[in-house]
Amino acid sequence: RVAHNADGSTRARFSCDARASAPSPATAAAAADSEAAKAAETRAAEAESRALESLAKTADAEAEAAEAEAQKADAEERVVALERRMDAVREEANAVEVAAAKVVAEARTDAEDARALLDSARATAEAAEASRAAEIRELEAR
């Protein structure tokens, strides 16, 4: 049915009473349950979203930790390689030092031998000079 208002507009008119238009307790409970279910679904979706974000952050942190571990392993390998190189350089330096000591010792020996030869040559020269002087005196004496 349609009723006319004083201004001429129309409105729907129902022939049922107020009790009939009020929702039944079962309908109200179902509506409340539906709203509660929707709210629970919303909270669950939000919780799932937070959990996924947390998982993503955890995965990122794990990736960063793995990268840091790889960098640490690389650094440790470089340290070991540098230590080996330092040991090799020390060994080489020790070998050079030993060789230098041998060269110095040989040079000293050579210098001592040269002095001895020089002294011998001087003595020979002096003896030759003395012999020549003696021959000259002997020749002069004749």
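Rules of the game
- Residues numbered from 1 in each chain as written.
- Predicted model: local features only at pLDDT ≥ 70, side-chain atom pairs only at ≥ 80, totals over all residues.
- Heavy atoms only, no water.
- Helix = DSSP H or I, 4+ residues; strand = E, 2+ residues; numbered from the N terminus.
- Buried < 20%, exposed > 50% of the residue type's maximum accessible area, 1.4 Å probe, protein only.
- Areas by Shrake-Rupley, 256 points an atom, 1.4 Å probe, with all protein chains shown as cover.
- pLDDT = per-residue confidence, 0-100.
- Salt bridge = Lys/Arg side-chain N within 4 Å of Asp/Glu carboxyl O.

1. Observations concerning the overall build of the protein chain
Now for step 1: A count of helical and extended segments in the protein chain gives two helices and two strands.
Now for step 2: Put simply, the protein chain runs from its N terminus to its C terminus through helices and strands in the order β-β-α-α.
Now for step 3: Counting only residues that meet the buried cut, the protein chain has 1% of its 142 residues in that class.
Now for step 4: Of the roughly 12,300 Å² of accessible surface on the protein chain, 57% is carried by carbon and sulfur atoms.

2. Quick notes on the confidence of the model for the protein chain
Now for step 1: Looking at the protein chain as a whole, the pLDDT averages 88, with 85% of positions reaching at least 70.
Now for step 2: Per-element mean pLDDT across the protein chain ranges from 51 in helix α1 (residues 18-21) up to 94 in helix α2 (residues 25-141).

3. Topic: the pattern of salt bridges
Now for step 1: Evaluation of the coordinates by the stated rule reveals two salt bridges.
Now for step 2: Asp 87 is the partner of Arg 90 in a salt bridge, and the nearest nitrogen-oxygen pair spans 3.0 Å. Placement of both Arg 90 and Asp 87 in helix α2 is noted, with a separation of three residues, approximately one turn of the helix.
Now for step 3: Given a relative accessible area of 40%, Asp 87 falls into the partly exposed group.
Now for step 4: Between Glu 129 and Arg 132 there is a salt bridge, with the nearest N and O atoms lying 3.5 Å from each other. Within this pair, Glu 129 and its partner Arg 132 are both found in helix α2, separated by three residues, close to a single helical turn.
Now for step 5: Residue class for Glu 129 comes out partly exposed when judged on its relative accessible area of 46%.

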